[in-house]
Amino acid sequence: MLKKMRKRLMAAATSPASGGAAPAPMTLDDYLALNGRAPDLRVDYGDGPSQFAELFVPQGAGPFPVVALIHGGCWTVQYGGIAQMRNMATELARQGIAVWNIEYRCHDQPGGGYPGMYQDVARALDGLRALAAPHGLDLSRVALVGHSAGGHLAQWAAARARLPRSSPLFVTDPLPVAAVISLGGLADLRNEAALILCSCERETAQLAGQPSAARPDVFADTSPAELLPCGVRTVLIHGEFDTISPLRAGEDYARRARAAGDAAEVIVLPGGSHYDEVSAGSPCWPIVVGQIRKALGMAA
C-alpha cells in the first residue's frame, strides 16, 4: 500500500499540468517527515496508549480561539498521525490560535473501530471544557480541522448533535463548534466506500461496524453525510493533485450538504497533493491557514 500511494504522488509530481517550474506536490515520505515543537501539555482522556491529546498554547494571556486537530492516516496506525500534525499546530499557535491535537484508537488498535474510535474523538473534544479556564481558551470560537480519515472524524464530530439517542455514540451536550474544515476528507462512508477501499484499503465494516438487528444501518451514526443537516459550516479543501481524496469527493459532499440546507464550500489548492493540505511549509499553506482564521473570525 505504501508503494501504491507513493506511485500516485510521483505521477502527480511529474504531470505536465504541474508546469515544471512550480514546486512538486508533497509525497507520502515528505508528509511522514513533518514534525513540530513539543506540546505545552499532554492530557490522557482514557487508559489506552492512544487515548490522549496535546495542547499547544500561544504566547500571551488569551482568551485564544481553538483549533481541534484530528490527524488522518487511513484510520490505521501505519501512517504516523499526531506527530505530523504538530507541524500545523506549531504554526497555528504562533499565530495566536490554541491547538488541541487529538490522538485516538484507530481501527487496528484494541478498542478502536466502532464505537471506540468515535467515542475517543468525542471524549477528547468535550474534554476542552476542563482546560478552558486554566489555559485561556475561548470555547465560543472552536473550529474542527481534520485531514483525510481525520476529515471524516472531524465532520462526524461537528454533527454529533444529530446522532440518534439509540446510538452508543450519543451524548447529551456535545461541545458546539463554529465550523469544520476537512482537508482531503473521506467523509461519506456509504457513497464513497469504493474510493475508501481503493485509497486506504479499508472495508466499511472496519470503520462503521457490522449491521445487526438493533443497528441495521451502520452509517446512521458513523457517516457525516447521513447526519445532514448538521448546522455547521463545512469547508472542504482538496489539493489539485490529491489522488487519495480527489476534488470530486469534496464537490459531491458539498452538493449534498447544501441540498440539506447547510453551508458548504469547496476550495482547491493549486499544485497541491493530499499532503500539501497539512504542511505549514507548503506553498498551499496560506490558503489553508486563511480558511482556518476565517472560521475563527480572525483577520486574514
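The coordinates are above.
Residues numbered from 1 in each chain as written. Predicted model: local features only at pLDDT ≥ 70, side-chain atom pairs only at ≥ 80, totals over all residues. Heavy atoms only, no water.

Chemist: If you had to explain the sheet that holds strand E6 (residues 179-183) to someone new, which residues and values would you point to?
Modeler: Spatial strand order, E1-E2-E4-E3-E5-E6-E7-E8: eight strands in an open sheet with mixed pairing. Strands at the two margins of the open sheet, each flanked by one partner only, are strand E1 (41-44) and strand E8 (264-269). For this sheet, the mean angle separating the axes of adjacent strands, direction not counted, is 20°. Together, E1, strand E2 (52-56), strand E3 (64-70), strand E4 (98-102) and strand E5 (137-147) form the strand contacts of helix H5 (residues 128-135), whose direction differs from that of E5 by roughly 125°. Lying over the sheet, helix H6 (residues 149-158) contacts E3, E5, E6 and strand E7 (233-239), oriented at roughly 140° with respect to E5. (Pairing = 2+ DSSP bridges. Helix = DSSP H or I, 4+ residues; strand = E, 2+ residues; numbered from the N terminus. Axes fitted to C-alpha atoms, helices over the stretch in contact; angles between N-to-C directions. Contact = heavy atoms within 4.5 Å.)

Chemist: Explain the side chain of His238 to me, using residue names and the numbers behind them.
Modeler: In this fold, His238 is placed in strand E7. A distance of 2.7 Å separates the side chain of His238 from the backbone oxygen of Ser245, its partner in a polar contact. Within the structure, His238 has its side chain in polar contact with the backbone oxygen of Pro246 (distance 3.4 Å). The contact partners of His238, leaving out residues within four places of it in the chain, are Gly184, Gly185, Ser245, Pro246, Leu247, Gly250, Ile267, Val268, Leu269 and Glu277. (Polar contact = N/O pair within 3.5 Å; in protein donor to acceptor, adjacent residues only side chain to side chain.)

Chemist: Break down the nonpolar core for me, with residues and values.
Modeler: If you look at the biggest cluster of nonpolar residues, it comprises 88 residues, and the most contacted ones within it are Met88, Tyr118, Leu144 and Ile292. Each residue touching Ile292, except ones within four places of it in the same chain, is listed here: Val67, Met88, Leu92, Ile97, Val145 and Ile181. Ranked by size, the runner-up nonpolar core spans eight residues in total, among them Ala225, Tyr253, Ala254 and Ala257. (Core = buried A, V, L, I, M, F, W, Y, C linked by side-chain atoms within 4.5 Å. Buried < 20%, exposed > 50% of the residue type's maximum accessible area, 1.4 Å probe, protein only.)

Chemist: Residues and numbers for the pattern of salt bridges, please.
Modeler: Where charged atoms from two side chains of opposite charge approach closely, those side chains can pair. Enumeration according to the criterion identifies 17 salt bridges in this entry. Notably, a salt bridge pairs Glu54 with Arg86, separated by 2.6 Å at the nearest N-O pair. Pair noted here: Glu54 is in strand E2 and Arg86 is in helix H3 (residues 82-94), with a separation of 32 residues, a long-range link. The two residues Glu54 and Arg86 agree in class, both being buried. With a closest N to O distance of 2.8 Å, Asp120 and Arg105 form a salt bridge. (Salt bridge = Lys/Arg side-chain N within 4 Å of Asp/Glu carboxyl O.)

Chemist: Got a sec to walk through the environment of Ser140? Specific residues and values, please.
Modeler: Along the polypeptide, Ser140 turns up in strand E5. Overall, the relative accessible area of 58% leaves Ser140 in the exposed class. Sequence separation of Ser140 and His107 is 33 residues, and the distance between their C-alpha atoms is 32 Å. In terms of polar contacts, Ser140 uses its side chain to reach the side chain of Asp138, at 2.5 Å.

Chemist: Before we move on, can you summarise the state of the cysteines with the specific residues and values?
Modeler: Inspection of the entire model under this criterion finds one disulfide. The disulfide that involves Cys74 links it to Cys200, with 2.1 Å between the sulfurs. Its torsion about the S-S bond being -65°, the disulfide of Cys74 and Cys200 is classed as left-handed. Here Cys74, found in the loop between E3 and H3, pairs with Cys200, found in helix H7 (residues 193-200); they are 126 residues apart in sequence, far enough to count as distant. (Disulfide = S-S within 2.5 Å.)

Chemist: Kindly report on the packing of aromatic side chains, identifying the contributing residues and their values.
Modeler: Inspection of the entire model under this criterion finds three aromatic pairs. For the pair Tyr114 and Tyr118, a centre-to-centre distance of 6.0 Å together with 65° between the ring planes defines the contact as edge-to-face. Note that Tyr114 and Tyr118 are positioned in helix H4 (residues 113-126) at a spacing of four residues, about one turn of the helix. Residues Tyr114 and Tyr118 agree in their burial class; the two are buried. Lying across the ring of Tyr114, Arg215 places its NZ or CZ 3.6 Å from the centre. (Phe/Tyr/Trp six-rings, centres within 6.5 Å; stacked < 30°, edge-to-face > 60°. Lys NZ or Arg CZ within 6 Å of the ring centre and 35° of its normal.)

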